[in-house]
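Summary of the model geometry
Now for the letters of each chain:
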Amino acid sequence: LEIVRPLLDDLTTTGAASTDLMVGFDVRDIAQSVEVEVDVDLASVTVDSALLGLTAERVSGGLSYETELGFESDDLGGVLFGRELKVEMKPELSRTADALLAAQLNFDLDIKDIMTWRSVSIVPPIDGVIPMEIMVTVADQITVEVASDLEGARIDLPRPWGKARESSAPLRLVWHDRGWAD
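Residues numbered from 1 in each chain as written. Predicted model: local features only at pLDDT ≥ 70, side-chain atom pairs only at ≥ 80, totals over all residues. Heavy atoms only, no water.

So, on to the overall build of the protein. In terms of regular secondary structure, the protein is built from 3 helices and 10 strands. Reading the helices (α) and strands (β) of the protein from amino to carboxyl end gives α-β-α-β-β-β-β-β-α-β-β-β-β. In terms of its C-alpha atoms, the protein occupies a principal-axis envelope of roughly 70 × 35 × 30 Å. Each of the 182 residues in the protein was classed as buried or not, and the buried ones make up 32%. Contacts in the protein between residues far apart in sequence, at least 24 positions, make up 44% of those at least 6 positions apart. Here the protein displays about 11500 Å² of accessible surface, and carbon together with sulfur accounts for 53% of that area. Charge-centre separation for the protein: the mean point of 15 positive side chains lies 12 Å from the mean point of 34 negative side chains. (Helix = DSSP H or I, 4+ residues; strand = E, 2+ residues; numbered from the N terminus. Buried < 20%, exposed > 50% of the residue type's maximum accessible area, 1.4 Å probe, protein only. Contact = heavy atoms within 4.5 Å. Areas by Shrake-Rupley, 256 points an atom, 1.4 Å probe, with all protein chains shown as cover. Lys, Arg positive; Asp, Glu negative; His and termini not counted. Charge placed at Lys NZ, Arg CZ, Asp CG, Glu CD.)

Pasting the structure below:
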């Protein structure tokens, strides 16, 4: 779990949660036999990321960890930038073997919220609400992928840089171990 420590250290949670912890091991070989299972049921929890300066509110649903499987979620969601956030965690989401955590976050994002969140003082020639998909994978390294088809955004620039609101312009950004986890 050491690789996920920076991610967990970044997050602060407040609110109601119930937790079950089960630990099993063979006393003859503890180091090789430890098995851990954690089940958490969140009820309207607030999750803050100091690194990103973001807050997810009303986070509810189930979250579990098992030594052999990693993290999984059950009907996990909340509110981000005032809009519905869906979170899915399961090993099958990973594109990497032996991932400890593979999570997919889906939400709609109003471009104005990015400007407010990052304190951008200029008014860019873009507006609208776009679908976002963020994949976080924790294995031997941490990978974050941000993707959107940008459908719903209008870019008010001359051709070829402009974009109509109903058109698609796929965007994909990928970060690997960007030093923030050190």
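The subject of this paragraph is the nonpolar core. When a protein is soluble and globular, its nonpolar side chains tend to lie buried together. One finds V59, M89, L101, F107 and I130 to be the most contacted residues of the largest nonpolar core, which totals 30 residues. Of all elements in the fold, only β2 (35-49), β3 (54-66), β4 (70-80), β5 (83-89), β6 (101-110), α3 (111-117), β7 (126-138) and β8 (142-148) reach the threshold of two or more residues within this core. Looking at this core, the element that brings in the most residues is β7, giving 5 residues. Not counting chain neighbours up to four residues away, the residues in contact with M89 comprise L63, F71, E72, S73, L76, L101, A102 and A103. (Core = buried A, V, L, I, M, F, W, Y, C linked by side-chain atoms within 4.5 Å.)

Another aspect to go through is the environment of I30. In this fold, I30 is placed in helix α2 (residues 30-33). According to the relative accessible area criterion, I30 is partly exposed, its value standing at 41%. Separated by 108 residues in sequence, I30 and V138 place their C-alpha atoms 25 Å apart.

Here the distance between the centres and the angle between the planes together describe a pair of aromatic rings. Evaluation of the coordinates by the stated rule reveals 2 aromatic pairs. Between F81 and W117, the aromatic rings sit 6.1 Å apart at their centres with planes inclined by 70°, giving edge-to-face as the arrangement. Of this pair, F81 sits in the loop between β4 and β5 while W117 is found in helix α3, placing the two residues 36 residues apart along the sequence. Looking at F81, the relative accessible area reads 26%, which means it is partly exposed. (Phe/Tyr/Trp six-rings, centres within 6.5 Å; stacked < 30°, edge-to-face > 60°.)

Once that is clear, we can look at the pattern of salt bridges. Within the structure shown, the criterion is met by 9 salt bridges. The residue E88 makes a salt bridge to K90 at a minimum N-O spacing of 3.1 Å. Judged by its relative accessible area of 33%, E88 falls in the partly exposed class. Each of the salt bridges in this network shares a partner with another, and the network as a whole consists of D127, R154, D156 and R165. (Salt bridge = Lys/Arg side-chain N within 4 Å of Asp/Glu carboxyl O.)

With respect to the helices, strands and loops of the structure, T137 is situated in strand β7. Once residues within four sequence positions are removed from consideration, T137 is found in contact with S94, T96, A99, L101, A102, I142 and T143.

This part takes up the environment of L69. Inspection of the secondary structure assignment puts L69 in the loop between β3 and β4. For the pair formed by L69 and K90, sequence separation is 21 residues and the distance between their alpha carbons is 8.3 Å.

What follows covers a negative patch on the surface. There is a patch of like negative charges on the surface, built from D20, E35, E37, D39 and E68. For the negative patch, the element with the most residues is β2, which contributes 3 residues. With respect to the helices and strands, E37 occurs in strand β2. Given the relative accessible area of 31%, E37 is considered partly exposed. (Patch = residues over 30% accessible without salt bridge, like charges linked within 9 Å, V, L, I, M, F, W, Y side chains within 5 Å.)

With 7 of its 10 residues buried, β6 lies for the most part within the structure. Two strands pair when backbone bridges link them, and β5 and β6 are joined in this way by 5 bridges, in the antiparallel orientation. Pairing of V87 across the sheet is with L105, part of β6. Here β6 pairs with β7 via 10 bridges, running antiparallel. Along β7, the bridge assignment pairs A102 with T137. (Pairing = 2+ DSSP bridges.)

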